Amino acid sequence: FFIQNESYLFTTDSVKTNIWLNTSNDANLETGGAIWHAALSLSNYILDNVDLVRGKHVLELGSGCGLVGLVAAAAGARTVTMSDICEQMEHLKANIDLNTVKRSSGDY
């Protein structure tokens, strides 16, 4: 069961981005189907301090829904590598694809 197109708008002085995520209560995804408060906090921290990631290579371990990695990409990271357990990867890829389609179509 996926919640479709749940949107999180992040706005700071230097970056405004809308991240689209599917969350899930699928027991196979365990904790990876949820958006954790820590991910929201870290995402806001990155956007308040974009120089931490702008132009750099970012590695996110235990990406879950992919929120932090997607925010790092929006903040100007050169590359973002996200990872999680095998059972989570299809869900993570779907969220990456959702944001790629939204950005290329101009739908923010």
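That block above? That's the structure.
Below: a short report on this structure. In this text, all values refer to a predicted model and were calculated from it rather than measured experimentally.

### Considering the overall build of the chain
Right, on to step 1. Helix and strand content of the chain: 3 helices and 4 strands.
Right, on to step 2. Ordered by position from N to C terminus, the α and β elements of the chain give β-β-α-β-α-β-α.
Right, on to step 3. Within the chain, residue pairs in contact and separated by at least 24 positions form 52% of the contacts whose partners lie at least 6 positions apart.
Right, on to step 4. As displayed, the chain has an accessible area near 6300 Å², and 56% of this comes from carbon and sulfur atoms.

### Points about the pairing of strand 3 (residues 57-60)
Right, on to step 1. The alternating pattern of strand 3 places Val-58 and Glu-60 on a buried face and His-57 and Leu-59 on a face that is not buried.
Right, on to step 2. Relative to strand 4 (residues 79-82), strand 3 is paired through 4 bridges, and the arrangement is parallel. In the strand pairing of strand 4, Leu-59 is matched with Thr-81.
Right, on to step 3. Assessed by its sense of winding, the connection that carries the chain from strand 3 through helix 2 (residues 67-74) to strand 4 is right-handed.

### What to know about helix 2
Right, on to step 1. Counting buried residues along helix 2, 6 of its 8 residues qualify, which places the element largely inside the surrounding structure.
Right, on to step 2. Turning to helix 2, its buried residues number three or more, namely Leu-67, Val-68, Gly-69, Leu-70, Val-71 and Ala-72.
Right, on to step 3. Taken from the residues just after helix 2, Gly-76 is the one with a positive phi, measuring 105 degrees.

### Considering a nonpolar patch on the surface
Right, on to step 1. On the surface, Leu-42, Tyr-45 and Leu-52 cluster together into a nonpolar patch covering about 300 Å² of accessible area.
Right, on to step 2. Topologically, Leu-42 is positioned in helix 1 (residues 37-48).

### Overview of the nonpolar core
Right, on to step 1. In this structure, Phe-10, Ile-19, Leu-21, Val-53, Leu-67 and Val-71 are the most contacted members of the largest nonpolar core, which totals 22 residues.
Right, on to step 2. The set of elements that each furnish at least two residues to this core consists of strand 1 (2-11), strand 2 (16-24), helix 1 and helix 2.
Right, on to step 3. Top element by residues in this core is helix 2. It accounts for 5 residues.
Right, on to step 4. Once residues lying within four places of it in the same chain are set aside, the contact partners of Val-53 are Ile-46, Val-58, Ala-72, Ala-75, Gly-76, Ala-77 and Arg-78.

Definitions and cut-offs
Residues numbered from 1 in each chain as written. Predicted model: local features only at pLDDT ≥ 70, side-chain atom pairs only at ≥ 80, totals over all residues. Heavy atoms only, no water. Helix = DSSP H or I, 4+ residues; strand = E, 2+ residues; numbered from the N terminus. Contact = heavy atoms within 4.5 Å. Areas by Shrake-Rupley, 256 points an atom, 1.4 Å probe, with all protein chains shown as cover. Buried < 20%, exposed > 50% of the residue type's maximum accessible area, 1.4 Å probe, protein only. Pairing = 2+ DSSP bridges. Right-handed = clockwise from strand over helix to strand, strands pointing away. Patch = residues over 30% accessible without salt bridge, like charges linked within 9 Å, V, L, I, M, F, W, Y side chains within 5 Å. Salt bridge = Lys/Arg side-chain N within 4 Å of Asp/Glu carboxyl O. Core = buried A, V, L, I, M, F, W, Y, C linked by side-chain atoms within 4.5 Å.

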